Amino acid sequence: YLFMFLIITPFIFLYNFLILPDADFFMLTFHFSFVKVFLPMKCNFLFDLDQTLLDFHASERKALEIVLRNNSLPFSDDIYSAFKECNKSLWLKLEKKEISRTDVFMNRFKYIFEKCGGDVSTLDALKVNSDFIKTMAVNGVLLAGSYEFVEKLKREIEGCKIYIVSNGATVN
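Residues numbered from 1 in each chain as written. Predicted model: local features only at pLDDT ≥ 70, side-chain atom pairs only at ≥ 80, totals over all residues. Heavy atoms only, no water.

Engineer: Go over the pairing of strand 1 (residues 44-48) with me, naming the residues and quoting the values.
Structural biologist: Successive side chains on a regular strand alternate, one facing one side of the sheet and the next facing the other. Residues Phe45 and Phe47 of strand 1 are buried on one face, while the alternating residues Asn44, Leu46 and Asp48, pointing to the opposite face, are not. The pairing of strand 1 with strand 2 (residues 161-165) spans five bridges and is classified as parallel. Its bridge partner lying in strand 2, Asp48 is registered against Val165. (Buried < 20%, exposed > 50% of the residue type's maximum accessible area, 1.4 Å probe, protein only. Helix = DSSP H or I, 4+ residues; strand = E, 2+ residues; numbered from the N terminus. Pairing = 2+ DSSP bridges.)

Engineer: Please provide a residue-by-residue account of the packing of helix 3 (residues 56-70) against helix 6 (residues 125-138), values included.
Structural biologist: The contact between helix 3 and helix 6 brings their axes to 9 Å, and the two run at 130 degrees. By the angle between their axes, helix 3 is oblique relative to helix 6. The interaxial crossing formed by helix 3 with helix 6 has right-handed handedness. Contact residues: Phe56, Ser59, Glu60, Ala63, Leu64, Ile66 and Val67 in helix 3; Val128, Asp131, Phe132, Thr135 and Met136 in helix 6. (Axes fitted to C-alpha atoms, helices over the stretch in contact; angles between N-to-C directions. Parallel < 35°, antiparallel > 145°, perpendicular 65-115°, else oblique. Left-handed = near helix turned anticlockwise from the far one by under 90°. Contact = heavy atoms within 4.5 Å.)

Engineer: Explain the environment of Gly117 to me, using residue names and the numbers behind them.
Structural biologist: Turning to its location among the elements, Gly117 is positioned in the loop between helix 5 (101-115) and helix 6. Using a relative accessible area of 65% as the deciding quantity, one classes Gly117 as exposed. Separated by 43 residues in sequence, Gly117 and Pro74 have C-alpha atoms that sit 8.7 Å apart.

Engineer: Could you give an account of the environment of Asp50, naming the residues involved and the relevant values?
Structural biologist: When you line up the elements, Asp50 lands in the loop between strand 1 and helix 3. For the pair Asp50 and Leu143, spaced 93 residues apart in the sequence, the C-alpha separation amounts to 9.4 Å. Aside from chain neighbours lying at most four places away, what touches Asp50 is Phe56 and Ser166.

Engineer: Describe the nonpolar core, listing the residues and the values that go with them.
Structural biologist: Among the nonpolar cores identified, the biggest contains 20 residues, and Leu64, Leu68, Phe109, Ile112, Phe113 and Phe132 are the most heavily contacted of them. Counting only elements with at least two residues in this core, the list comes to helix 3, helix 4 (77-95), helix 5 and helix 6. If you look at the next biggest cluster of nonpolar residues, it comprises eight residues, including Phe45, Phe149, Ile157 and Cys160. (Core = buried A, V, L, I, M, F, W, Y, C linked by side-chain atoms within 4.5 Å.)

Dropping the structure here:
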């Protein structure tokens, strides 16, 4: 069975990409009857959250807008772009061990509050970061077709368990 699965699976994916290129979410067209034959009775599916099921960038943008407006600060595409640029540079510094995670969380909001004309002298950047992460958690934007895919998977493959994994930041 494993040998057949390894041989046939690439053809199914090619079929999905070449024959059905206009599908919003190519996995929706995956042949579940084939999977039923080759998967054991109990199966687990692990999905990464960001950019697999969840549109991370749309979720991040939405959360930033909410957090800034809750702090009486303006929001625009330029502000979001500045946040992304600052955030990316801070995460790169973290990877090089030049700063800590706490530095990332604090500095990105100090920077963006200054950019928006906010008062950083009394800013509790870690609280704002916590608010941001919690806001992202409850305002996630799903990728097109991802919900329907997971529903179909659950419905079509008896006894399957679906897990979501992420390396995303936790609250401070």
